[in-house]
Amino acid sequence: MNQLIRCKHCDEIFMKTPFDQYPEYEGDSGRSGENFRSFPRDDFQDFLIHHHGHPLENLKIIEDSWVSEKPYSEPIKISFFKATNGKDKFVIKKFRDRIEEPLKYQLILGDYSLKCTALEIQSEEISKQMKRELNPPPSQNQIDGFLKLVRHVFERIDLNDCERVPEESHHPLEAYYKIDDLRLMVLLRNCRHIFKGKEYSAMEEFIHGHKDDGVLLLKATYKIQLTEMAKPKIKPVPAALSLGKEKII
Ligand SMILES: [Zn+2]
(Lines give C-alpha, C1' and ligand atoms only; values in the text may rest on other atoms or scores of the structure.)
Protein backbone atom coordinates (compact mmCIF):
# COMPACT_ATOMS: atom_id res chain seq x y z
CA MET A 1 0.00 0.00 0.00
CA ASN A 2 1.17 3.53 -0.69
CA GLN A 3 2.23 5.69 2.19
CA LEU A 4 2.70 9.45 2.05
CA ILE A 5 5.33 10.80 4.44
CA ARG A 6 6.05 14.47 5.15
CA CYS A 7 9.15 15.96 6.70
CA LYS A 8 7.69 18.68 8.88
CA HIS A 9 10.96 20.57 8.95
CA CYS A 10 11.64 20.77 5.21
CA ASP A 11 8.05 20.40 3.93
CA GLU A 12 9.22 17.71 1.59
CA ILE A 13 7.28 14.53 1.00
CA PHE A 14 7.89 10.99 -0.03
CA MET A 15 5.37 8.63 -1.59
CA LYS A 16 6.35 5.19 -0.39
CA THR A 17 5.20 2.59 -2.89
CA PRO A 18 5.91 -1.12 -3.22
CA PHE A 19 8.26 -0.19 -6.10
CA ASP A 20 10.79 1.78 -4.07
CA GLN A 21 12.99 -1.20 -3.44
CA TYR A 22 13.03 -2.65 -6.92
CA PRO A 23 16.60 -3.15 -8.06
CA GLU A 24 17.81 -1.36 -11.14
CA TYR A 25 19.39 -3.50 -13.81
CA GLU A 26 22.27 -2.65 -15.98
CA GLY A 27 23.52 -4.80 -18.76
CA ASP A 28 24.28 -5.23 -22.41
CA SER A 29 21.38 -6.79 -24.25
CA GLY A 30 23.78 -8.38 -26.75
CA ARG A 31 25.28 -10.60 -24.10
CA SER A 32 23.86 -13.37 -22.04
CA GLY A 33 21.59 -12.70 -19.07
CA GLU A 34 24.43 -13.53 -16.71
CA ASN A 35 26.09 -10.24 -17.46
CA PHE A 36 23.25 -8.29 -15.93
CA ARG A 37 24.17 -6.71 -12.67
CA SER A 38 21.57 -5.52 -10.26
CA PHE A 39 21.97 -2.45 -8.09
CA PRO A 40 19.83 -2.43 -5.00
CA ARG A 41 17.84 0.76 -4.99
CA ASP A 42 15.98 2.15 -2.04
CA ASP A 43 14.63 5.63 -2.53
CA PHE A 44 12.91 5.62 0.84
CA GLN A 45 16.22 4.94 2.56
CA ASP A 46 17.67 7.97 0.73
CA PHE A 47 14.78 10.10 1.98
CA LEU A 48 15.34 8.93 5.56
CA ILE A 49 19.05 9.68 5.36
CA HIS A 50 18.43 13.11 3.87
CA HIS A 51 15.90 13.99 6.61
CA HIS A 52 17.76 12.34 9.46
CA GLY A 53 16.75 13.88 12.79
CA HIS A 54 13.80 15.78 11.32
CA PRO A 55 10.23 15.21 12.56
CA LEU A 56 8.29 13.07 10.06
CA GLU A 57 4.57 12.42 9.87
CA ASN A 58 2.15 10.33 7.82
CA LEU A 59 -0.34 12.13 5.59
CA LYS A 60 -3.68 10.70 4.56
CA ILE A 61 -4.75 11.26 0.97
CA ILE A 62 -8.15 12.92 0.74
CA GLU A 63 -10.38 10.79 -1.46
CA ASP A 64 -11.77 12.20 -4.71
CA SER A 65 -9.52 15.24 -4.51
CA TRP A 66 -7.48 14.34 -7.61
CA VAL A 67 -7.44 16.88 -10.45
CA SER A 68 -5.32 17.14 -13.57
CA GLU A 69 -5.05 19.37 -16.58
CA LYS A 70 -4.60 16.50 -19.04
CA PRO A 71 -6.48 13.26 -19.79
CA TYR A 72 -6.04 10.29 -17.49
CA SER A 73 -4.09 8.31 -20.09
CA GLU A 74 -1.47 11.04 -20.65
CA PRO A 75 1.83 9.95 -19.01
CA ILE A 76 3.45 13.40 -18.76
CA LYS A 77 1.19 15.71 -16.85
CA ILE A 78 0.83 17.69 -13.68
CA SER A 79 -1.86 16.57 -11.29
CA PHE A 80 -2.82 17.60 -7.82
CA PHE A 81 -4.44 15.94 -4.86
CA LYS A 82 -5.04 16.87 -1.25
CA ALA A 83 -3.72 15.23 1.89
CA THR A 84 -4.06 15.85 5.60
CA ASN A 85 -2.24 15.06 8.83
CA GLY A 86 -5.57 15.21 10.66
CA LYS A 87 -5.14 18.90 11.45
CA ASP A 88 -3.74 20.73 8.42
CA LYS A 89 -4.51 20.21 4.77
CA PHE A 90 -1.86 20.17 2.06
CA VAL A 91 -1.81 20.18 -1.71
CA ILE A 92 0.41 17.59 -3.33
CA LYS A 93 1.66 18.19 -6.85
CA LYS A 94 2.46 15.03 -8.75
CA PHE A 95 4.43 15.30 -11.98
CA ARG A 96 7.22 14.05 -14.17
CA ASP A 97 9.20 16.01 -16.74
CA ARG A 98 10.09 13.12 -19.03
CA ILE A 99 8.42 9.79 -19.62
CA GLU A 100 11.39 7.75 -18.41
CA GLU A 101 11.65 9.67 -15.15
CA PRO A 102 9.97 8.50 -11.96
CA LEU A 103 7.01 10.47 -10.65
CA LYS A 104 7.86 13.39 -8.41
CA TYR A 105 5.80 14.70 -5.54
CA GLN A 106 5.92 18.22 -4.20
CA LEU A 107 4.14 19.62 -1.18
CA ILE A 108 2.39 22.96 -1.63
CA LEU A 109 0.95 24.96 1.22
CA GLY A 110 -2.40 26.19 0.00
CA ASP A 111 -5.50 24.96 -1.73
CA TYR A 112 -7.09 24.60 -5.14
CA SER A 113 -10.54 24.65 -6.63
CA LEU A 114 -12.04 24.17 -10.07
CA LYS A 115 -13.34 27.26 -11.83
CA CYS A 116 -15.73 26.98 -14.77
CA THR A 117 -14.23 28.99 -17.64
CA ALA A 118 -16.58 28.11 -20.49
CA LEU A 119 -20.06 26.77 -20.92
CA GLU A 120 -21.09 25.96 -24.44
CA ILE A 121 -23.41 23.97 -26.62
CA GLN A 122 -21.79 21.46 -28.99
CA SER A 123 -22.68 23.41 -32.15
CA GLU A 124 -20.44 21.58 -34.57
CA GLU A 125 -21.47 18.13 -33.32
CA ILE A 126 -25.20 19.05 -33.39
CA SER A 127 -24.92 20.32 -36.95
CA LYS A 128 -23.01 17.22 -38.16
CA GLN A 129 -25.42 14.87 -36.40
CA MET A 130 -28.48 16.60 -37.89
CA LYS A 131 -27.09 16.23 -41.43
CA ARG A 132 -26.21 12.60 -40.79
CA GLU A 133 -29.47 11.53 -39.18
CA LEU A 134 -32.37 13.57 -40.48
CA ASN A 135 -34.27 12.48 -43.54
CA PRO A 136 -35.06 14.58 -45.55
CA PRO A 137 -31.82 16.45 -44.79
CA PRO A 138 -32.40 19.80 -43.05
CA SER A 139 -31.57 23.05 -44.84
CA GLN A 140 -28.71 25.23 -43.59
CA ASN A 141 -31.34 27.75 -42.43
CA GLN A 142 -33.03 25.09 -40.33
CA ILE A 143 -29.71 24.00 -38.79
CA ASP A 144 -28.77 27.61 -38.00
CA GLY A 145 -32.24 28.26 -36.60
CA PHE A 146 -32.05 25.20 -34.36
CA LEU A 147 -28.57 26.10 -33.06
CA LYS A 148 -29.78 29.62 -32.30
CA LEU A 149 -32.72 28.16 -30.43
CA VAL A 150 -30.56 25.73 -28.39
CA ARG A 151 -28.20 28.58 -27.50
CA HIS A 152 -31.15 30.69 -26.41
CA VAL A 153 -32.65 27.89 -24.30
CA PHE A 154 -29.36 27.35 -22.46
CA GLU A 155 -28.71 31.05 -21.91
CA ARG A 156 -28.16 32.10 -18.29
CA ILE A 157 -28.33 28.50 -17.14
CA ASP A 158 -27.14 27.73 -13.61
CA LEU A 159 -25.04 24.57 -13.52
CA ASN A 160 -26.25 23.86 -10.00
CA ASP A 161 -29.69 23.15 -11.46
CA CYS A 162 -28.34 20.70 -14.04
CA GLU A 163 -27.65 17.04 -13.83
CA ARG A 164 -24.09 16.05 -14.66
CA VAL A 165 -23.48 13.06 -16.92
CA PRO A 166 -20.46 11.47 -15.21
CA GLU A 167 -19.28 8.90 -17.74
CA GLU A 168 -19.38 11.18 -20.73
CA SER A 169 -16.02 12.95 -20.32
CA HIS A 170 -12.56 11.49 -20.88
CA HIS A 171 -10.91 14.73 -19.93
CA PRO A 172 -10.58 15.62 -16.24
CA LEU A 173 -11.37 19.30 -16.83
CA GLU A 174 -14.45 18.82 -18.97
CA ALA A 175 -17.94 17.93 -17.80
CA TYR A 176 -21.23 17.40 -19.58
CA TYR A 177 -24.67 18.39 -18.33
CA LYS A 178 -28.17 17.30 -19.27
CA ILE A 179 -30.96 19.62 -20.30
CA ASP A 180 -33.69 19.85 -17.64
CA ASP A 181 -37.36 19.09 -18.33
CA LEU A 182 -38.48 22.69 -18.42
CA ARG A 183 -35.87 23.73 -20.99
CA LEU A 184 -36.60 20.56 -22.97
CA MET A 185 -40.24 21.61 -23.23
CA VAL A 186 -39.31 25.11 -24.41
CA LEU A 187 -36.94 23.62 -26.98
CA LEU A 188 -39.54 21.22 -28.38
CA ARG A 189 -42.26 23.85 -28.49
CA ASN A 190 -40.11 26.40 -30.31
CA CYS A 191 -38.89 23.81 -32.78
CA ARG A 192 -42.36 23.95 -34.33
CA HIS A 193 -41.45 27.35 -35.78
CA ILE A 194 -38.51 25.84 -37.67
CA PHE A 195 -39.68 22.35 -38.60
CA LYS A 196 -43.14 21.36 -39.91
CA GLY A 197 -45.04 18.09 -40.17
CA LYS A 198 -42.79 15.07 -40.69
CA GLU A 199 -39.69 17.21 -40.26
CA TYR A 200 -40.91 18.15 -36.82
CA SER A 201 -41.53 14.52 -35.84
CA ALA A 202 -38.00 13.64 -36.95
CA MET A 203 -36.62 16.55 -34.91
CA GLU A 204 -38.60 15.48 -31.87
CA GLU A 205 -37.03 12.05 -32.13
CA PHE A 206 -33.60 13.61 -32.67
CA ILE A 207 -33.91 15.72 -29.52
CA HIS A 208 -35.05 12.79 -27.38
CA GLY A 209 -32.26 10.62 -28.76
CA HIS A 210 -29.49 13.11 -27.95
CA LYS A 211 -30.54 14.82 -24.74
CA ASP A 212 -29.20 12.23 -22.26
CA ASP A 213 -25.87 11.17 -23.71
CA GLY A 214 -25.46 12.82 -27.08
CA VAL A 215 -24.78 16.08 -28.86
CA LEU A 216 -27.40 18.04 -26.92
CA LEU A 217 -25.40 17.87 -23.70
CA LEU A 218 -24.01 21.14 -22.48
CA LYS A 219 -20.22 21.19 -22.23
CA ALA A 220 -18.48 22.88 -19.31
CA THR A 221 -14.71 23.49 -19.25
CA TYR A 222 -12.87 24.02 -15.98
CA LYS A 223 -9.53 25.41 -14.91
CA ILE A 224 -7.50 24.44 -11.83
CA GLN A 225 -7.14 27.48 -9.62
CA LEU A 226 -4.24 27.01 -7.25
CA THR A 227 -3.79 29.37 -4.33
CA GLU A 228 -0.47 29.15 -2.57
CA MET A 229 -0.06 30.39 0.96
CA ALA A 230 3.07 32.01 2.26
CA LYS A 231 5.20 29.54 4.13
CA PRO A 232 5.00 30.04 7.88
CA LYS A 233 8.28 30.70 9.62
CA ILE A 234 10.19 27.50 10.19
CA LYS A 235 10.91 26.73 13.81
CA PRO A 236 14.65 26.38 14.32
CA VAL A 237 15.78 22.80 14.59
CA PRO A 238 17.60 22.11 17.86
CA ALA A 239 21.33 22.54 17.31
CA ALA A 240 22.05 18.89 18.05
CA LEU A 241 19.78 17.79 15.20
CA SER A 242 20.80 20.38 12.66
CA LEU A 243 22.70 18.93 9.77
CA GLY A 244 23.70 22.31 8.49
CA LYS A 245 22.79 21.29 4.93
CA GLU A 246 19.06 21.88 4.96
CA LYS A 247 17.50 24.45 2.74
CA ILE A 248 15.88 27.00 5.01
CA ILE A 249 13.88 29.55 3.17
ZN1 LIG B 1 13.68 17.28 6.42
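Since we're looking at a predicted model, the values are computed, not measured. (Residues numbered from 1 in each chain as written. Predicted model: local features only at pLDDT ≥ 70, side-chain atom pairs only at ≥ 80, totals over all residues. Heavy atoms only, no water.)

### Digging into the coordination of the zinc ion
Convention followed: Coordination here is defined by N, O and S atoms within 2.8 Å of the metal (3.2 Å for Na, K and Ca), and since water is not considered, a site can look incomplete. Think of it this way: with four donors and all angles in the 85 to 135 degree range, the site is tetrahedral; with four or six donors, opposite ones beyond 155 degrees and the rest between 65 and 115, it is square planar or octahedral; otherwise it is irregular. To qualify as a helix, a DSSP run of H or I must reach at least 4 residues; to qualify as a strand, a run of E must reach at least 2; elements of each kind are numbered from the N terminus.
Surrounding the zinc ion are the protein donor atoms Cys7 (SG), Cys10 (SG), His51 (ND1) and His54 (ND1), which sit 2.0 to 2.3 Å from the metal. Around the zinc ion, the four donor atoms are arranged such that angles at the metal cover 101 to 125°; this shape is classified as tetrahedral. Coordination of the zinc ion draws on donor residues from a single chain, spaced C-x2-C-x40-H-x2-H in sequence. Taken together, the residues span a long stretch of sequence, with Cys10 in the loop between β1 (3-7) and β2 (12-16) and His51 in the loop between α1 (43-50) and β5 (56-61) at a distance of 41 residues.

### What about the pattern of salt bridges?
Here is the rule we go by: Salt bridges are counted wherever a side-chain nitrogen of Lys or Arg sits within 4 Å of a carboxyl oxygen of Asp or Glu. Partly exposed residues are those whose accessible area sits between 20% and 50% of the maximum for their type, while under 20% is buried and over 50% is exposed, using a 1.4 Å probe and protein chains only.
Counted under the stated rule, the structure contains 15 salt bridges. Residue Glu57 pairs with Arg6 through a salt bridge whose shortest N-O separation is 2.7 Å. Highlighted residues: Glu57 in strand β5 and Arg6 in strand β1, separated in sequence by 51 residues. Arg6 matches Glu57 in its accessibility class, with the two residues each being buried. As a salt-bridge pair, Asp111 and Lys82 come within 2.9 Å of each other at their nearest N and O atoms. With a gap of 29 residues between them, Asp111 in strand β10 (residues 110-121) and Lys82 in strand β7 (residues 79-84) connect regions that are remote in the sequence. Given the relative accessible area of 31%, Asp111 is considered partly exposed. We classify Lys82 as buried; its relative accessible area is 15%. Salt bridges sharing partners connect three or more residues here, namely Asp97, Arg98, Glu100, Glu101 and Lys104.

### Section: the confidence of the model for the protein chain
The following threshold applies: The predictor's confidence in any single residue is recorded as pLDDT, a number from 0 to 100. Contacts: residue pairs with any heavy atoms within 4.5 Å of one another.
For the protein chain, per-residue confidence averages 85 on the pLDDT scale, and 83% of positions sit at 70 or higher. Taken as a whole, residues 28-33 scores under 50 in pLDDT and shows one contact with residues more than four places along the chain or in a different chain. Below pLDDT 50 for its whole length, residues 242-249 participates in eleven contacts with residues either more than four positions away or in separate chains.

### A short note on unusual backbone geometry
Between Asn135 and the following residue, Pro136, the backbone shows a cis peptide bond with an omega angle of 5°. With respect to the helices, strands and loops of the structure, Pro136 is situated in the loop between α2 (123-133) and α3 (140-154).

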